[in-house]
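Here is how the chains run, residue by residue.
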Amino acid sequence: MNECRILALGGDWPQVGPGWRLVAPNDDPLAVMADLALVPADSALDDLFIDRLALPLLVAVGEAPLPRWLDRADGFVLAGDDEDTIATVAGRVLQQGQGWRVAEQAGTAEHISALSAEARRIADALAQLARDTEGDGEAQVSAAMVRRLIRLRRDRERHFPADLFGDPAWDMLLDLVAARMEGVDVAVSSLCVAAAVPTTTALRWVRSLSEAGVFVRRTDPGDARRAFITLSDSAHDAMIGWLRRFATVFALR
């Protein structure tokens, strides 16, 4: 394949896998021919500069609480991602517009594979739940009820250490199903807040659940520079089925 070029805008980046090359913005004549841009999440670059690049945008996320460029990213790389993972994310941004997805890779493969396997298990469980609840009654389910559940989950942290209850996948599922019922779009940064875990942990789950088909990334129709995350139809149906069962058992009104 022809070599592709990543325009590295700041940061100390690792090398990328075969077929890719990092180029600097100022001293490399090939920078003007870059295929996509790689930007640190806390970069001080302004929006106008990014717009003028007219390149797909990879955001490198470290420990910043709320990465500035996250909602504009076509894909992201995380602390600990090795060269093969970065190359895969970059390739999928160019080829399929699926930079959120990362298959099993070398180096970080063990951790990524474990998350991917868990995400697939969640997807399978949701599919089974949708089938099991298909004939259930029409117990009342509302966004307000889901928000109450989320508040109760957060309330546990008043009585116990927060790290006892790390379950970012479920927290994100609840947030997305409530948002869909409310007709609200959820940006990636907002979803990371809902996960109630460090940003990099939340983003690894976003990547894995996108890979498993539980989450769907879509572009903001009013601003192509931003992206939203929503539940797939099958995941939404499964969550509604579970919530109906919950409402029936606990008679929430």
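All values reported here derive from a predicted model rather than from experimental measurement.

**Observations concerning the confidence of the model for the chain**
- Per-residue confidence for the chain averages 76 on the pLDDT scale, and 75% of its residues sit at or above 70.
- Model confidence for the chain, summarised as mean pLDDT per element, is weakest for helix α3 (residues 109-132) at 64 and strongest for helix α5 (residues 168-182) at 93.
- Per-residue pLDDT stays below 50 along residues 102-112; that stretch engages in 27 contacts with residues further than four places along the chain or on separate chains.

**Remarks on the pairing of strand β4 (residues 57-61)**
- Counting buried positions along β4 gives five out of five residues, so the element sits mostly inside the fold.
- Taking every second residue as pointing to the same face, both faces of β4 are buried, with Leu57, Val59 and Val61 on one and Leu58 and Ala60 on the other.
- In terms of strand pairing, β4 meets strand β5 (residues 75-78) through four bridges, oriented parallel. Across the sheet, residue Val59 finds its bridge partner in β5, namely Phe76.

**Considering unusual backbone geometry**
- Not every positive phi belongs to a glycine, and Ala196 is a case in point at roughly 60°.
- Residue position: Ala196 is located in the loop between α6 (188-195) and α7 (199-211).

**Details of the environment of Thr88**
- Topologically, Thr88 is positioned in helix α2 (residues 83-95).
- Linking Thr88 and Val77, residues 11 residues apart in sequence, is a C-alpha distance of 10.0 Å.

**Observations concerning the packing of aromatic side chains**
- Summed over all chains, the structure comprises two aromatic pairs.
- Through pairs of rings, three or more aromatic residues link up here, namely Trp170, Trp242 and Phe246.

**Digging into the sheet that holds strand β2 (residues 20-23)**
- A sheet is described by the order of its strands in space; here five strands give the open sequence β2-β1-β3-β4-β5, paired in parallel fashion. Whereas interior strands pair on both sides, the edge strands pair on one side only; in this sheet they are β2 and β5. Here the strands of the sheet are splayed against their neighbours by 30° on average, with no regard to which way each runs.
- By the bridge criterion, four bridges tie strand β3 (residues 36-40) to β4 in an arrangement that is parallel. Across the sheet, residue Leu38 finds its bridge partner in β4, namely Leu58.

Parameters at a glance
Residues numbered from 1 in each chain as written. Predicted model: local features only at pLDDT ≥ 70, side-chain atom pairs only at ≥ 80, totals over all residues. Heavy atoms only, no water. pLDDT = per-residue confidence, 0-100. Helix = DSSP H or I, 4+ residues; strand = E, 2+ residues; numbered from the N terminus. Contact = heavy atoms within 4.5 Å. Buried < 20%, exposed > 50% of the residue type's maximum accessible area, 1.4 Å probe, protein only. Pairing = 2+ DSSP bridges. Phe/Tyr/Trp six-rings, centres within 6.5 Å; stacked < 30°, edge-to-face > 60°. Axes fitted to C-alpha atoms, helices over the stretch in contact; angles between N-to-C directions.

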